[in-house]
Structures are given as structure tokens and as C-alpha cells.
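Structural description and commentary
The chain contents come next:
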Amino acid sequence: MKNEEKIKQSLEKQFSDKIEVEARSKQKLWAKVDANISHDVIKYMFDELKFQYLATITGTEEGDNFEVLYHLQADEHSILCTLRAVLPIKKPDLKTITDIIPGAIWYERELVDMFGINVIGLPKGNRYPLPDGWPKDVHPLRKNLTQEELSKYPKEGK
Amino acid sequence: MPKITVPLGPQHPALKEPGSFMLSLEGEEIKDAVLRLGYNHRGVEKAAEARNYVQNIYLLERVCGICSHAHATAYVHNVEEIAQLEVPQRAKAIRMIVGELERLHSHLLWLGVAGHEIGFDTLFMYSWRDRELVLDALEEISGNRVHYSMNSIGGVRRDMSNEQIKKVLGILKTLEKRIKYYITVGTEESTILARTQGVGVLPKDEALKRCATGPQGRASGVDRDVRRDNPYLLYDKVDFKVITQDSCDVFGRLVVRALEMVESCKILKQVLENMPSGDIAVKAPIKIGPGEAVNRYEAPRGEDIHYLKANGTDVPARVKVRAPTLANFESVAYMLEGDTLADAPLIIAAIDPCFSCTDRMSLVQTGTGKSGIMSFKELRAYSIEEYKKKGIDFSKL
Amino acid sequence: MIKNLKEKAVTWSRIKSPWVLHYNSGSCNGCDIETLDALTPRFDIERFGVLLKGSPRHADVLLVTGAVTKQQAKRLRRVYDQMAAPKFVVAIGACACSGGVMYGCYGVLGGVDKIIPVSAYIPGCPPRPEALIDGVVKLLSTLKK
């Protein structure tokens, strides 16, 4: 658990009380921050802590908040750090991380389509993964929609 | 020279992988590639939130027909982590055997498809013939050729008898010989070298930036393998090498996959010869959690990552699946740019995007406004013709 | 009489060499690899004259695998329309027959028969290549009548 502790300490030192870090098991770290500093934390992790790889981004809904989970890895000791960014459903603004790691683009597009998170600065391109003609304000993975309700969309034509 | 836009796709059979590629050409050279994915989007993640934990094994196996065991195993690992179940050693060994056999069948499948794309159909028929041996072994163990349904929460569903172990070992012996032959063909056959070397180059720094994974990344020198770095099952107890290449092209990907097959055989032999004894499953609770877990699994195509959130009921609150091909798509656009249209099918096939054979494209010439339809097969024929002009002919083989 | 003979000859030749087109409308790939497996040396469906074609304009039989996704429905219809009559559709696998395990998913419309008429259903998840060959042969034997 030596490396885990090291990363934990340097993250806590840099962001003090704005971050909660927990080493739950071997090679797995879980951290929690507010969405407005998640970009800075990821930049710090990539620049200073030798993180190199973004495995994926998971979106979840928890009460009145969205939680966006960045699964990041440092090649040196293969620690998978899950950084949780919390943002309110009422104002779901999130800064893109494609400037730090371009591979994030498809995962961020997924957040836009599936949850309706407003990713600021996302490069233009095709939507993913919903079909053409799917309404822009219906987001399948929101908890207030059931499968039956979703089956109605897209309404025009087959 | 008029700029031509060629839509390639959308037919790519897989869960999230099917995509359409809008290729902008200047003459033969691809200047720009724009992707549209999501053609097979069915809504599995939402459906998983409406089914219970046991039903979800069945559903998640059907995320992908080729790496079905990978998805099911990554999912049950998450459930077991949250429920704090101790899986018996024998169950772990059986999961590993099925997983490695799956890797063998997937790599042989890819080798055949790559052969087909470069116009070397003999290789396609040969490697698919030998792939049947792997499927025989899988059928012997699980009773099915494609979806094995071996996993249950807390273990596996079927035990392996001593006769079955012997039979699989016998199949491995034959396979090893054949694989050696393919390595010779793949690395020495001058026609394969001519079509793959220097094609679809992805330098290491680009591979890192674009989060390439699996054989795609390892062929560009990204030394990453979940089996070694974060050992799951019994991978910390077996001896194997992680294959990397520095050539960064399609040839490198071919070599990585071919040598990985040898390593898979090595792992399989070690596990089969030292099968742990004991139970194959422990009893699992119906209600799981609350809790969350994230687990990774080295699928044949690369790292497969699953996230699971449980809320204490018998249905999960969130299941997230990221299949390896999605991670590799960001590099495809880069590899296509600067290469020729003739190489496009091979480059797309080289990431092993689960594969397509009825991929169709329409050719629209912007200068004249004329349009026509070109099937994937015609494109393939065109690419073979193009290489004939350069003096490489496969039809004479 | 002559017309009858001509029809007989056409039917005979169609039965002897049905050209097929494989289309994936949202399958997990399991049925696709089994379909292709049927072409390779162990099963060798080509010995019945079955030939896989890349273009719908050349094909007599359309083999569809997988539940139809909303994004693919229009494309499946277009492929079907491009085929020359008489044309036949075979739904391969549980998903193509009825939606299977994907039934009720919001991205899925259902079985292939929701979009285009289907002549034969081959159930299984996935069906074995033997089942596939059997299905195609059965379809051809109905043509004789």
C-alpha cells in the first residue's frame, strides 16, 4: 500500500480539504471532489503524479447530484484511481478533459447523450451513442425514465 | 484534384463498435476521417438496471459474442467484491481456462479476418479451420460454442472432469503446432509483410494520448496488461510474458496477437496440469450491497472495465460497461489520416473491431456530383488491384 | 408449356445456388461468427452452392442477425429494398426472431419481422452452423413447391 499512500498524501497536500481520498483495497484509490475543480485535479495527476491513462468515464445519478467517475491509471505501479466529480442536476456543467487526454472524447460524448451533462469545450463531432432523430432533451440513463417510456422515442418515422 | 468524401460503414457488428467513417480523400490519400458510432446501441446498461443480479449475467454475456466470458467475468467480479464472497480456487481456474481459450479463438478469428482483408483468403480458411479446435474445447467444457454461460455469482456452473482436462490438453498440443506455423507465415511471408509493414502507424506517444489498449497499444510499445499489472483470478500464480512490439504498425499488431497465442497456450497448460481441487461455487445472497466496485479484465481486444453500484436490493443501481474497442476507436482516425484508401479496410480490421463482412460504402465525387455504391467486397477487390500495380499479387499464391 | 419449363429452370437454378447476403442489424456478434463459420472448411456451406455476396443487388437470401436497433431499422429496410425479387429473409438467432434477451430495451425495435417480411426463423443463442445449414436447406425445399 506504499504507492497508494504516497498518491493519497500528495493529493491531500495539493488540494487540502477540497478532496477526500480513500485507499479501499490494493491498487485501488477512490477520491471525491467538487466538479468545479475536477479538471485541475486531473491536470495535476497527469502532470505531477505520472498518471497516463484514462480507462473510462462513468456517469451515475445520486439523489440531487450527478456523479462523474473518472477511472485513471498510472502505468508505473498500475494503480487505478477513481476520481468522483459531483455536480448538481440543476446546473450540470462540467469542463472537458480532452485538452489533457484526447482519448476522453467518446466517453464525454456519452455523458452528454446519456445524462444530459453539459460538457464545456467538447470538440464538435457526431453524437454518441443514441440514434439519429433522438430528442436532445431525453437522456436514457436518468433515473426518472423507465425503459417503457424510453421505448417511445424517437417519435417520428421508423 | 477534387476532394472526395467516402462514407465507409455503418455496418460493424458489435455492441458499441459499429461505426461509419466519413473519409475525405485527396487522390488516394485519406486527409480526414470523421467517425459516427452507436449503430448497435441497444440500451444494455439501462436494461441491466431492470433485471436482477443473476439475470444480468445472461444479459451481459450478450454484450459481445466474441468476448462474452470477459464481460460476464468482469461483472461477477464486481458483484463478488461488493458481497465479499470468497470464490473457490477451482472455480477461478475454470474461469481462467475459459478466458484463455476465448483469447485463442478471438486471435485466430482476427488472423483469419486480417488475411481476408489483404486478399489472402487461404489464411482465412486455415485459421478458421483451426479455430474449430478451440471451439471444440470450449464446447467440451461448457456445452456451447459461443456463449459459454460458465459464470455464476460465487463461482462457476460446471465442473471439469479429468477426461475433459485430458481432452483439452490434447487439443492444445495440435494447436501449438499450428500456431507455430502461423507465426512463420505471418512473419516471413513476403506478401503479408508488404501489406502490413508501415501501414496504419500509431506512434507510442499518440497511443498513450488516445488511450489505446490491448494488442493495439502493446504493438505501439505501451506495456500494459491487466493480467500482469492487476492480477485477477490466478494470473499471479502462472508464468507468462506480456508481448510488446515497437514497430507501431499493422505488422506489429499481427506479431503481438500471434505471440500472445503462444503465451495463452502456456498459461492453459500450467492451469490444466495443476488444477486445484475443491468446490466450484459458494452460495451467493440475492440482495447485494449497498456498495460499489470497479474491476478490469484483459479481454482479447484489450482492457474491459466494468463499474457496478449496488443499493441493497436484488437489482443493481448502475452497471457501466466499457468494451475495449471503444477505447481503440480514437486512434483509428489518426491511423487513417495520411494512409491510402486501399489500406482503410485493413487498418480498421487491425484494431479487431469485432468484424464486418457486408460493410458498404457509397462513393460520392464532390466535383461532378456523381455518386455510386461500392460494397466492402468491391473495395477489397479494389485494394488488391491497387497493390497488384505495385507488384504484389495474392491471387497467384 | 414453355413458360412453365422456363420457370422450372429458374427455380431449379435458384435452389442449386442461392446467393446470400449477411446483414447485422444489432447483433452481439455471436450469430455473425457462427454464420461465417458455416462458410469455413469444417461446415463448408459452399458445397450446397451457397455463396456469400457483398452487395444486396446480387443476393437472393438476406441473412439477418440480431435484434433491430432504431439506428439500423432504416438501413435494413433500404438493403431489403435494393434486393431483386424474388427475395427471402432468414432471421438468425433468438434476437432476430423476437428480440430475445434484448426485448424491451429502449434502443431495440424488436425482431426482424417488425421491419421486413421474414421467410424462415432459426432460433438459438447462437444457432449452431448445422442449424443454420438446416434452416437454409428447409427454406430451399419450400421453394420447390
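The structure displayed is predicted, hence computed values, not measured ones.

A closer look at the overall build of chain B
What chain B contains, in helices and strands, is 14 helices and 10 strands. Here the contacts in chain B between residues at least 6 apart in sequence split such that 70% fall between residues at least 24 apart.

Notes on the interface of chain A and chain B
Chain A puts 47 residues into the contact, and the matching count from chain B is 40 residues. Overall, the association of chain A and chain B removes approximately 3,600 Å² of surface from exposure, summing both partners, and the carbon and sulfur fraction of that is 51%. The tally of links between chain A and chain B comes to 6 salt bridges. With a closest N to O distance of 3.4 Å, Glu81 of chain B and Lys28 of chain A form a salt bridge. Where chain A packs against chain B, one counts 22 residue pairs in polar contact (both at pLDDT 80 or more). Elements with a minimum of two residues in the side of chain A that touches chain B: β2 (28-34), β3 (51-62), β4 (65-74), β5 (79-88), α3 (105-115) and α4 (147-150) of chain A.

Re the interface of chain C and chain A
Each side of the interface is counted separately: chain C has 8 residues, and chain A has 12 residues. Roughly 860 Å² is buried in total at the junction of chain C and chain A, and carbon and sulfur atoms are behind 58% of that figure. Remark: the boundary between chain C and chain A carries 0 salt bridges. Summed over the shared surface of chain C and chain A, the result is 1 residue pair in polar contact (both at pLDDT 80 or more). Ranked by residue count, the leading element in the side of chain C that touches chain A is helix α3 (residues 70-82) of chain C, at 4 residues.

Brief notes about the packing of aromatic side chains
Residue and element names in this part refer to chain B. The final tally for this structure, using the stated rule, is 9 aromatic pairs over all chains. A ring pair is formed by Tyr126 and Tyr181, whose centres lie 6.4 Å apart and whose planes are at 40°; its orientation type is tilted. With Tyr126 in helix α5 (residues 121-142) and Tyr181 in helix α6 (residues 162-188), the pair connects residues that are 55 residues apart, well separated along the chain. Aromatic pair Tyr181 and Tyr182: ring centres 5.8 Å apart, planes at 55°, arrangement tilted. The exposure class assigned to Tyr182 is buried, which follows from its relative accessible area of 3%. The ring of Tyr58 carries Arg62 above its face, with NZ or CZ at 3.9 Å from the centroid. Over the face of the ring belonging to Trp110 we find Arg257, whose NZ or CZ atom lies 4.4 Å from the ring centre.

Focus on the state of the cysteines
Any covalent bond linking the sulfur atoms of two cysteines counts as a disulfide. In the structure shown here, the tally under the stated rule is 0 disulfides over all chains. Unpaired in terms of disulfides, Cys211 of chain B finds its nearest cysteine sulfur in Cys81 of chain A, a separation of 15 Å. Overall, Cys211 of chain B belongs to the buried group, its relative accessible area being 1%. Here Cys265 of chain B is not disulfide-linked; the sulfur of Cys67 of chain B is the nearest cysteine sulfur, at 19 Å.

Re α5 of chain B
Think of an α-helix as turning once every 3.6 residues; residues three or four places apart then point the same way. Counted at 1.5 Å a residue, the expected span for α5 of chain B with its 22 residues is 32 Å, and the 31 Å between its end C-alpha atoms agrees. Of the residues flanking the end of α5 of chain B, it is Gly143 of chain B, one or two places downstream, whose phi is positive at about 90°.

Observations regarding the nonpolar core
Among soluble globular proteins, nonpolar side chains are generally buried collectively. The biggest cluster of nonpolar side chains holds 207 residues, and the ones touching the most others in it are Leu11, Leu54 and Tyr70 of chain A together with Leu23, Leu104 and Leu336 of chain B. Among the elements that make up this core, the one with the highest residue count is helix α4 (residues 89-117) of chain B (14 residues). The two domains that each donate at least three residues to this core are domain 1 (3-40 + 328-389) and domain 2 (86-283) of chain B. Core analysis: the second largest hydrophobic core is formed by 18 residues, Val68, Tyr80, Val89 and Val112 of chain C among them.

Things to note about the packing of α4 of chain B against α6 of chain B
Residues and elements named next belong to chain B. Two numbers describe how α4 lies on α6: the axes approach to 13 Å, and their chain directions differ by 35°. The two elements α4 and α6 meet at a crossing, and its hand is left-handed. Counted together, Leu104, Leu108 and Leu111 of α4 and Leu172, Leu175, Ile179 and Tyr182 of α6 form the full contact between these two elements. Counted by class, the contact of α4 with α6 contains 7 nonpolar, no polar and no charged residues.

Topic: the domain arrangement of chain B
Residue and element names in this part refer to chain B. Splitting chain B by domain gives domain 1 (3-40 + 328-389) and domain 2 (86-283). Between domain 1 and domain 2, the contact holds 21 residues from the first and 27 residues from the second. Taken together, the links from domain 1 to domain 2 amount to 0 salt bridges. Connecting domain 1 to domain 2 are 1 residue pair in polar contact (both at pLDDT 80 or more). Of all the secondary structure elements, the ones that give two or more residues to the side of domain 1 that touches domain 2 are α12 (324-336), α13 (344-350) and α14 (376-389). Classifying every residue of the side of domain 1 that touches domain 2 gives 13 nonpolar, 3 polar and 5 charged.

As for the sheet that holds strand β7 (residues 120-122) of chain C
Residues and elements named next belong to chain C. Taken in spatial order, the 5 strands of this open sheet run β2-β1-β3-β5-β7, and their pairing is parallel. Every other strand in the sheet has two partners, leaving β2 (51-53) and β7 as the edge strands with one partner each. For this sheet, the mean inter-axis angle between neighbouring strands, taken without regard to orientation, is 30°. In the sheet, strand β1 (residues 19-24) pairs with β2 via 3 bridges, with the strands oriented parallel. Along β2, the bridge assignment pairs Leu21 with Lys53. Along the sheet, α3 makes contact with β1, β3 (61-65) and β5 (88-92), crossing β1 at roughly 170°.

A few points about the pattern of salt bridges
Taken as a whole and assessed by the stated rule, the structure comprises 42 salt bridges over all chains. Note that Asp136 of chain B is salt-bridged to Arg42 of chain C, the shortest N-O span being 2.9 Å. Taken together, the positions of Asp136 of chain B in helix α5 and Arg42 of chain C in the loop between α2 (30-37) and β2 put the pair across two chains. Since its relative accessible area comes to 40%, Arg42 of chain C is described here as partly exposed. The partner of Arg218 of chain B in a salt bridge is Asp225 of chain B, and the shortest N-O contact between them spans 3.6 Å. Residue Asp225 of chain B is classed as buried on the basis of its relative accessible area of 2%. Through salt bridges with shared partners, a single ionic network connects Glu100, Arg103, Arg218, Asp225, Arg227, Glu260 and Glu298 of chain B.

Quick word on the pairing of β3 of chain C
Residues and elements named next belong to chain C. A large share of β3 lies buried, amounting to 5 of its 5 residues. Side chains Val61, Leu63 and Thr65 of β3 all project onto a buried face; the interleaved residues Leu62 and Val64 project onto the opposite face, where all are buried too. Direction of pairing for β1 relative to β3: parallel, over a ladder of 5 bridges. Residue His22 lies in a different strand from β3, and its bridge partner there is Leu63. Relative to β5, β3 runs parallel, the two being bridged by 5 bridges. When the sheet's bridge partners are listed, Leu62 is paired in β5 with Val89.

The rules behind the values
- Residues numbered from 1 in each chain as written.
- Chains lettered and ligands numbered in written order.
- Predicted model: local features only at pLDDT ≥ 70, side-chain atom pairs only at ≥ 80, totals over all residues.
- Heavy atoms only, no water.
- Helix = DSSP H or I, 4+ residues; strand = E, 2+ residues; numbered from the N terminus.
- Contact = heavy atoms within 4.5 Å.
- Buried area = accessible area lost by both parts, 1.4 Å probe.
- Salt bridge = Lys/Arg side-chain N within 4 Å of Asp/Glu carboxyl O.
- Polar contact = N/O pair within 3.5 Å; in protein donor to acceptor, adjacent residues only side chain to side chain.
- Phe/Tyr/Trp six-rings, centres within 6.5 Å; stacked < 30°, edge-to-face > 60°.
- Buried < 20%, exposed > 50% of the residue type's maximum accessible area, 1.4 Å probe, protein only.
- Lys NZ or Arg CZ within 6 Å of the ring centre and 35° of its normal.
- Disulfide = S-S within 2.5 Å.
- Expected span 1.5 Å × (residues − 1).
- Core = buried A, V, L, I, M, F, W, Y, C linked by side-chain atoms within 4.5 Å.
- Domains from an automatic or database assignment.
- Axes fitted to C-alpha atoms, helices over the stretch in contact; angles between N-to-C directions.
- Left-handed = near helix turned anticlockwise from the far one by under 90°.
- Nonpolar A, V, L, I, M, F, W, Y, C, P; charged D, E, K, R; others polar.
- Pairing = 2+ DSSP bridges.

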